[in-house]
Amino acid sequence: MHQQRALETSERRFLEVFRKSSDAILLLSNSRIADCNDAAVRFFGGQSRTDLLNRHPAELSPPLQPDGVPSLRKAEEKIAEALEKGSSRFEWYHERASGEAFWTS
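Note that this is a predicted model, so its numbers are computed, not measured.

Enquirer: It is not clear to me how the overall build of the chain should be interpreted in this structure. Could you clarify?
Expert: Counting secondary structure elements, the chain contains three helices and four strands. In sequence order, the secondary structure elements of the chain are arranged as α-β-β-α-α-β-β. The principal-axis extent of the C-alpha atoms belonging to the chain is close to 55 × 35 × 20 Å. Per-residue burial over the chain gives 28% buried out of 105 residues. Of the contacts made within the chain by residues no fewer than 6 positions apart, 26% connect residues no fewer than 24 positions apart.

Enquirer: Just to check I follow, could you spell out the nonpolar core for this structure?
Expert: Across soluble globular proteins, nonpolar side chains show a tendency to be buried alongside one another. Among the nonpolar cores identified, the biggest contains nine residues, and these are Ile33, Cys36, Ala40, Val41, Phe44, Leu52, Leu53, Leu60 and Phe102. For this core, the element with the highest residue contribution is helix H2 (residues 38–44), accounting for three residues. With residues near it in sequence (within four places) discarded, Phe102 still touches Phe43, Phe44, Trp92, Tyr93, His94, Glu95 and Arg96.

Enquirer: What exactly am I supposed to notice about the side chain of Lys74 here?
Expert: Mapping Lys74 onto the fold places it in helix H3 (residues 71–85). For Lys74, the contacting residues outside a window of four places in its chain are Gln65, Asp67, Val69 and Trp92.

Enquirer: What is the right way to read the environment of Asn37 from this model?
Expert: Of note, Asn37 is situated in the loop between strand S2 (32–36) and H2. Separated by 11 residues in the primary sequence, Asn37 and Ser48 place their C-alpha atoms 9.6 Å from one another. The contact partners of Asn37, leaving out residues within four places of it in the chain, are Phe18, Arg19, Ser21, Asp23, Ala24 and Ile25. Engagement of the side chain of Asn37 in a polar contact is seen with the backbone nitrogen of Ile25, the distance being 3.0 Å.

Enquirer: It is not clear to me how the packing of aromatic side chains should be interpreted in this structure. Could you clarify?
Expert: What describes a pair of aromatic rings is the distance from one ring centre to the other and the angle between the planes of the rings. For the coordinates displayed, the defined rule picks out six aromatic pairs. With centroids separated by 5.1 Å and ring planes inclined at 90°, the aromatic side chains of Phe43 and Phe44 adopt a geometry described as edge-to-face. For Phe44, a relative accessible area of 5% gives the class buried. Between Tyr93 and Trp103 the ring centres are 5.0 Å apart and the planes differ by 50°, which places this aromatic pair in the tilted class. Note that Tyr93 is positioned in strand S3 (residues 92–95) and Trp103 in strand S4 (residues 101–104), a separation of 10 residues in sequence.

Enquirer: Before we go on, may I ask you to explain unusual backbone geometry in this structure?
Expert: When glycine is set aside, most residues are seen to have a negative phi, and most peptide bonds are trans. For Asn30, which is not glycine, the phi torsion reads 55° and is therefore positive. On the secondary structure map, Asn30 appears in the loop between strand S1 (26–29) and S2. Unusually for a residue other than glycine, Asn54 sits at a positive phi of about 65°. Here Asn54 is to be found in the loop between H2 and H3. Judged by relative accessible area, Asn54 falls into the exposed class, the value being 59%.

Cut-offs applied
- Here the residue index of a chain counts from 1 through its sequence in written order.
- Two thresholds apply to this predicted model, a pLDDT of at least 70 for residue-level local features and 80 or more for giving and counting side-chain atom pairs, whereas whole-chain, interface and lining totals are computed over all residues.
- Values reported for side chains reflect all heavy atoms of the structure, with hydrogen atoms and water molecules removed beforehand.
- Only runs of H or I of at least four residues qualify as helices and only runs of E of at least two qualify as strands under DSSP, and these elements are numbered from the N terminus.
- Relative accessibility under 20% of the residue-type maximum defines a buried residue, over 50% an exposed one, and the middle range a partly exposed one, all with a 1.4 Å probe and only protein chains included.
- Two residues qualify as a contact provided that any one of their heavy atoms is within 4.5 Å of a heavy atom in the partner residue.
- Residues belong to one nonpolar core when they are buried, are Ala, Val, Leu, Ile, Met, Phe, Trp, Tyr or Cys, and are joined through side-chain atoms within 4.5 Å.
- Any pair of nitrogen or oxygen atoms within 3.5 Å is treated as a polar contact; in protein, a donor-acceptor pairing is required on top of that, and neighbouring residues in sequence qualify only through side-chain atoms on both sides.
- Centre distance within 6.5 Å is the pairing criterion for rings of Phe, Tyr and Trp, where only the six-membered ring of Trp is used; planes under 30 degrees apart are then read as stacked, over 60 as edge-to-face, and the remainder as tilted.

Structural measurements only, silent on function.
Right under this line is the structure:
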């Protein structure tokens, strides 16, 4: 019973940090956006979370990254790297709903 309460408390804390963070956070499942916070919606210029859910991260990018590599292929490589190493830090060229392209790292 104590473990269950501790787990529920931990989950509530995670959700509070996730939802209230000013940093854009995307949670992936099977290379698709399974959840995102409001900061991510604003960051990408969406109207609501549903604008981002179930999309592949490459869909939030121009078709090609500046180095000429297709965004889909490069995103899959970065996702695989993060899964293998536990994390990955890299620069990425995104595109907002308005069509404005921008860098992140």
